[in-house]
Amino acid sequence: MNLIPLFVIVPLAGAFVTYLVGSIFKKIADLFCDVLANLITAFLFAFAIVSLFKVAAEKNIIHFVGGWRPPIGITIFLDGAGIFLLIVVTGIGFLSSLFAIDYMKRYSAKYKFYALLLLMTAGMAGICITGDLFNMFVFIEISAIASYALVAFGTEHEELEAAFKYMVMGEIGSLMILLSIAIIYARTGTLNMADISQTVAANPERAAIVFPSILFIIGFAIKAALVPFHSWLPDAHPSAPAPISAMLSGVVIKVLGVYGLIRVFYNIIGVTPIISNILLVLAGLSMIIGVLLQLGQNDIKRLLAYCSISQIGYVLLGFGLGTPLGILGGFFHLINHAVFKAGLFLTSGAIEYATGTRDINKLGGLNKKMPWTSVFWYIGSFTASGVPPFAGFWSKLILIIAAILAKSYILAAIAAASAILALASFIRTQRRMLAGELPEALTGIKEIPLSMKTSLAVLTLLCIVLGLLLLPPVRANILDLAKDAVMVGTEYGRIVFEKAGLL
Amino acid sequence: MILLLPIILPFLIGLLILFYPGKELKSVKNPIFLIALLTMLITFIVSIMIFSQGRVNYVIQVVPTTDWSGPGISFDLIGYSFSNFILFALLFFGLLITIYSYNQKQKNYFAYLLMTIGASSLAILSNNLVVLLLAWGGVAILLYLLVGLGRKGAETAANKALVMVGGSDVLMLLGAAFIYFQTGTLTMSEIAIPLQGALPIIAFILLLIGILTKAGAMPFHSWIPDVAEYAPVPVLAFLPGALDKLLGIYLLARLTLDLFKLTPGSAMSIVLMVIGSITIVAAVAMALFQRNLLKFLGFSTVSQVGYMVLGFGTGLTLGILGGLFHMVNNAIYKSCLFLGSGAVEERTGELNLEKLGGLSRLMPITFTTFLISSLAIAGIPPLSGFASKWLIYQGMVELVKIKPYTLIFLLAAMFGSILTLASYLMVLHSIFFGERPAEMAKVKEVGFGKVLPMVLLALLSVGFGVFAQLPIRYWLGPSLNIDPKLALTSLNLIGLWNPTLATILILFGLLLGFIIYMLRRVRAVKVSEVFIGGETVATPTRPGAIDTEEAKYPGTHFYDTIRKVKLFDDTYKIADKRFFDIYEQSRAIIGLLARALKRFQSGLLPTYLGYIFLGGLVILLIVFLLIFVFK
């Protein structure tokens, strides 16, 4: 009996139950939801780790929904890349829901929050495990719609406006993807990824998939917030509650955008030099423009949102290069960015929780009153700017070396320049916010409660130790696994069919 | 294994101190200071053992090359004559600074200091570029933390230092990537690239920027004067004074001697010499008009780096030897000067040169050590600064024989030397001579823990000058793999100058003068009018009175006449506006760019949708053109 579908079923059921219990039993709603949601995310994370061992042993896990084999039924296929993303999704999801126990006391209707969070997690888990293109679209929509609602969760003027913009632009992206899927279905007569992959590979005339390729790029680029398709992100990510910002920046843009791109292009329709060059240009633009916009931001969450645009550029740089080292670096930076950006967003939430503001001009001297939070911020921002020995340094090192080995000197230079500018921006922020004099209005602030501290401490620890992912024994079972899954390219179809016993 | 000790021991102890409860240290005799001192002593002894052991290698393969497409990363430490010597010097200075810091109140100060020493040991011993970058970045963060402990306003200076040093670290990473691209290895001892073609030169320049930023040569120097103004004094003596030079110049030596082959008179050699000579003159010219003692020393430090860069730029044995020797000497006397300033500040609470004066009687030891170090930095024979500058000049003269136009660099260096002397006369006068402010009448000499390092350093300045052959023959020559015989002959080449003999002659001359003076017992003293190089002096209001404001002539005003020349004054005014500060300039340009970009982020949904469709259209057009038209 294969349990892989539980990744979707459990959070989906959890979302249903939390909403039901929350809206009927108002008295115990908060406590019940706290416990249930955390149990579910913890279970998912543990299950992801267990599955990782299985994937490491067997290379991939396959499941046929309803027993229908491809190309007729929906295939569920979990390979190295999928499990890598799943670990990131469930890990950050768990830490965010842990953080939310205390943080979300500021909002009413906590159960709605958990229901949406679980729904979003279910959608992302579905994207990671599905082997069906239309299925993927449905899961993208599930998590996207949950995230629109979560951005608007505060229901203040700004949040609603941001959510509206996010929704309009996000749906344009979804439409592009849907249109592209429709065209591909019209051309190939199938929606099964493996089957499409085989059909496309068998057909030497590639002109038919040029237009859908471009639509895919635009659609996923909107989801991943690549420049110039990024403009929804700086409004949407800061408006959400901090745990959701952490999820949105940490995982959503990667699963919906980057993972979609690599799955579709590497495994299904194949990468051509033109496509990889387009990806590289988008990556370069995102890296430098994101970090330039990040400079001089006074709202810490907005600053982090711009930083996400820049960092997603680094991730895409690795995948755009397409060399084994580049792809490995891309995955490596993906997990690092998820960890440090989630950490930084949660820290910004902690600061807002304690002081009521996130304007660095109104803050100052926090390292005296909130020593833990300050340490979390210091380490997170050093990781983000690629200062050794923290994790961000290692992935940037790999990416820059990969870029130079691929003779993309300009991109390597852009990557280096963006790292310097990111450092400058973060240092300025922490000087204003953590050092200096404490404003009089903030003399009564206190350190954050335990659940928030725990989740931050874990993320901070990860910022320090994630560099160890490069060690050969660890790398072979995590990063290499993900890299190999991408590097098989359009062989993907054959692998799935072989596994299904059809070849 | 022994190579691990100087890295891990201080780092771990530092980390432990960080977790010691409480922030301020209560009594003078606190356990933290003793622990730090003991750690440093042990580490210092270990470094002597390493030094006497000769070549040691320690390698752990962390990421083997064979099993993936990326670079092999190994934790590769190498202790050979050169790195052992630098390690020894580093720990020697570290020990002195620890002694000097006996009454430091902040706990974190000791923690960061020890961790800095651990990280710097790693930087010196590392034989892998990635490990080097790791250590380099670690030192940058610790510098940031240490400077942040200083006086009010230190955060801004710490900020600038980290952005510049950390930023240059990223450029070095880029350089390392280029090196890996060309050689397929990151192990430093396996790299030897001829400096020809675009890629090697790009890699060289990228690494050079990192080094120059660390060592503080123009135009990447600007963090040093700022840090000097705000950081705690022992930190200054250790970091910009000694450690940053040790690390920076050590790496410069490895860069020009091992990693790349710098040939005398090549384009890069000229670039180095241009940087060196501009740094020498421009920085000391800035120093002339500083009013803050520490900031003055900061600029002076920058100027001295110019000599080292110049020496290495020659690419000739003599010049490199001189540059290296100058690095050691500079670390010695510059630390001593910083420590002396710290002593003055501790007793008077004042760093403004205009408000100091007449301390020579009250703080005799500080005065003497400061005087010796000042003369040494100015290159007065027979002190150490003279010996090393002499070697550098000799190297340059050799080069002038090949490339006559390099004479201009030699002249610049000599001119800079004159200005250095001038600037230190000003400072000596301002602090120790002249009018003593009334509130400083009861100033006393500093405690033993502070006096000891200063005296030791001053003695070294004398010793390395008088017996200049010894360090060159036994430490520096072997470090650079120069055959002892060759080192000796090259020493003999140094004109007619024999340091020991010359010292004896100078001493003999002094003695003779003294005897003559004693014999004649001057009877009548001739009184003449005050003459200060043609400057007009305000006449005292009453005869013999020197206590009025007009009659004072503070040393800081010695050179104000220079500023009366319009060209110089304009230049200084531009410099005061930080026109020559690469940090401020880039900040302005990038700020402009960022503001321009921010205009596009209008917040209006229709505009945003416009970007999406425009972007999509552009991609579509390009792809269709590429596929269907140009195919």
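Note that this is a predicted model, so its numbers are computed, not measured.

Conventions we followed
- Residues numbered from 1 in each chain as written.
- Chains lettered and ligands numbered in written order.
- Predicted model: local features only at pLDDT ≥ 70, side-chain atom pairs only at ≥ 80, totals over all residues.
- Helix = DSSP H or I, 4+ residues; strand = E, 2+ residues; numbered from the N terminus.
- Buried ≥ 20, exposed ≤ 12 C-beta atoms within 10 Å, placed from the backbone.
- Contact = placed C-beta atoms within 7 Å.
- Rg over C-alpha atoms; globule rule 2.2 N^0.38 Å.
- Core = buried A, V, L, I, M, F, W, Y, C linked by C-beta atoms within 7 Å.
- Pairing = 2+ DSSP bridges.
- Axes fitted to C-alpha atoms, helices over the stretch in contact; angles between N-to-C directions.
- Parallel < 35°, antiparallel > 145°, perpendicular 65-115°, else oblique.
- Left-handed = near helix turned anticlockwise from the far one by under 90°.
- Expected span 1.5 Å × (residues − 1).
- Nonpolar A, V, L, I, M, F, W, Y, C, P; charged D, E, K, R; others polar.
- pLDDT = per-residue confidence, 0-100.

**A word on the overall build of chain B**
From N to C terminus, chain B includes 23 helices and 4 strands. Burial statistics for chain B: of 631 residues in total, 51% are counted as buried. If you take every contact in chain B between residues at least 6 apart in sequence, the share linking residues at least 24 apart comes to 79%.

**What about the overall build of chain A?**
When its secondary structure is counted, chain A shows 21 helices and 2 strands. Radius of gyration (C-alpha) of chain A: 22 Å, near the 23 Å computed for a compact globule of 503 residues. When its C-alpha atoms are laid out on the principal axes, chain A stretches across 70 × 60 × 45 Å. Across the 503 residues in chain A, those meeting the buried criterion constitute 64%. By sequence separation, contacts in chain A at least 24 residues apart represent 80% of the contacts at least 6 residues apart.

**Structural notes on the nonpolar core**
With 410 residues, the main nonpolar core has Leu317(A), Ile400(A), Ala403(A), Ala415(A), Val147(B), Ala161(B) and Leu246(B) as its most contacted residues. The element contributing the most residues to this core is helix H10 (residues 242-269) of chain A, with 19 residues. Discounting residues that sit within four places of it in the chain, Leu317(A) has contacts with Leu280(A), Ala283(A), Met287(A), Leu399(A), Ala403(A), Leu411(A) and Ala415(A).

**Some points on the pairing of strand S2 (residues 75-78) of chain A**
In the case of a regular strand, side chains alternate between the two sheet surfaces. All names here are of chain A. Side chains of S2 alternate between two faces, with Thr75 and Phe77 and Ile76 and Leu78 buried alike. The pairing of strand S1 (residues 61-64) with S2 spans 4 bridges and is classified as antiparallel. Opposite His63, over in S2, you have Ile76 as the bridge partner.

**Comments concerning unusual backbone geometry**
All names here are of chain A. Between Pro388 and Pro389 the backbone carries a cis peptide bond, its omega angle lying at 5°. Considering the arrangement of structural elements, one finds Pro389 in the loop between helix H15 (371-384) and helix H16 (391-405). In this structure, Lys59 is a non-glycine residue whose phi angle is positive, near 75°. Of note, Lys59 is situated in the loop between helix H2 (29-58) and S1. Although it is not a glycine, Lys407 sits at a positive phi angle of roughly 65°. Structurally, Lys407 is set in the loop between H16 and helix H17 (409-433). The exposure class assigned to Lys407 is exposed, which follows from the 11 C-beta atoms found within 10 Å.

**Looking at the packing of helix H13 (residues 324-355) of chain A against H16(A)**
All names here are of chain A. Their axes nearest at 9 Å, the elements H13 and H16 cross at an angle of 155°. In terms of their interaxial angle, H13 and H16 are classed as roughly antiparallel. Of the two elements, H13 crosses H16, and the hand of that crossing is left-handed. Each of Leu325, Gly326, Leu328, Gly329, Phe332, His333, Asn336, Val339 and Phe340 in H13 lies in contact with H16, whose residues at this interface are Ala391, Gly392, Ser395, Ile398, Leu399, Ile401, Ala402 and Leu405.

**Observations regarding helix H1 (residues 6-24) of chain A**
All names here are of chain A. A rise of 1.5 Å per residue sets the reference length of H1, with its 19 residues, at 27 Å; its end C-alpha atoms lie 26 Å apart and thus fit the reference within 8%. Residues of H1 that are buried: Phe7, Val8, Val10, Pro11, Gly14, Ala15, Thr18 and Gly22. Those residues of H1 hidden inside the fold are in contact with H2, helix H3 (80-103) and helix H4 (110-129).

**Quick word on the interface of chain A and chain B**
The interface is formed by 52 residues belonging to chain A together with 46 residues belonging to chain B. Of all the secondary structure elements, the ones that give two or more residues to the side of chain A that touches chain B are helix H6 (157-188), helix H8 (210-224), helix H11 (273-294), H13, H16 and H17 of chain A. Here the side of chain A that touches chain B takes 11 residues from H17(A), the largest share from any one element. Its residues placed into classes, the side of chain A that touches chain B shows 44 nonpolar, 5 polar and 3 charged.

**Structural notes on the environment of Ser461(B)**
All names here are of chain B. Locating Ser461 in the fold gives a position in helix H16 (residues 448-466). You can call Ser461 buried: it has 24 C-beta atoms within 10 Å. Along the backbone, Ser461 and Gln104 are 357 residues apart, and their C-alpha atoms lie at a distance of 26 Å. Leave out the neighbours within four places in its chain, and Ser461 touches Ile332, Tyr333, Cys336, Ile372, Ser373, Ala376, Leu383 and Ser384.

**Considering the confidence of the model for chain A**
Regions with low pLDDT carry predicted coordinates that are not meant to be interpreted in detail. Here chain A averages 88 in pLDDT, and 100% of its residues register 70 or above. Helix H14 (residues 366-369) of chain A is the least confidently modelled element of chain A, averaging 79 in pLDDT, while helix H5 (residues 133-151) of chain A averages 92, the highest of any element.

**Brief notes about the packing of H2(A) against H4(A)**
Residue and element names in this part refer to chain A. Running from N to C, H2 and H4 point in directions that differ by 15°, and their axes come no closer than 9 Å. As judged from the angle between their axes, H2 and H4 are roughly parallel. Where H2 crosses over H4, the handedness of that crossing is left-handed. Judged by residue contacts, Ala29, Asp30, Cys33, Ala37, Ile40, Thr41 and Leu44 of H2 engage Lys110, Tyr111, Tyr114, Leu117, Leu118 and Thr121 from H4. Counted by class, the contact of H2 with H4 contains 9 nonpolar, 2 polar and 2 charged residues.

**Notes on helix H7 (residues 198-215) of chain B**
Residues and elements named next belong to chain B. Across its 18 residues, H7 extends 25 Å between first and last C-alpha, which sits within 8% of the 26 Å expected from 1.5 Å per residue. If you check which residues of H7 are buried, you get Pro200, Ala203, Phe204, Leu206, Leu207, Leu208, Gly210, Ile211, Leu212, Thr213, Lys214 and Ala215. Where H7 is buried, its residues contact helix H6 (154-183), strand S3 (193-194), helix H9 (233-259), strand S4 (260-261), helix H10 (267-287) and helix H11 (293-314).

**Some words on the confidence of the model for chain B**
Residue and element names in this part refer to chain B. Here chain B shows a mean pLDDT of 78. Residues at 70 or above account for 85%. Low confidence marks residues 540-551, where pLDDT is under 50. Its contacts with residues over four positions away, or in another chain, come to 10 contacts. Complex prediction metrics read pTM 0.87 and ipTM 0.88.

**Side note on the environment of Ile431(B)**
Residues and elements named next belong to chain B. Turning to its location among the elements, Ile431 is positioned in helix H15 (residues 407-432). Spatially, the C-alpha atom of Ile431 lies 9.3 Å from that of Asn352, the residues being 79 residues apart in sequence. Among all residues touching Ile431, those that are not within four sequence positions of it are Val344, Leu353, Leu356, Gly357 and Leu359.

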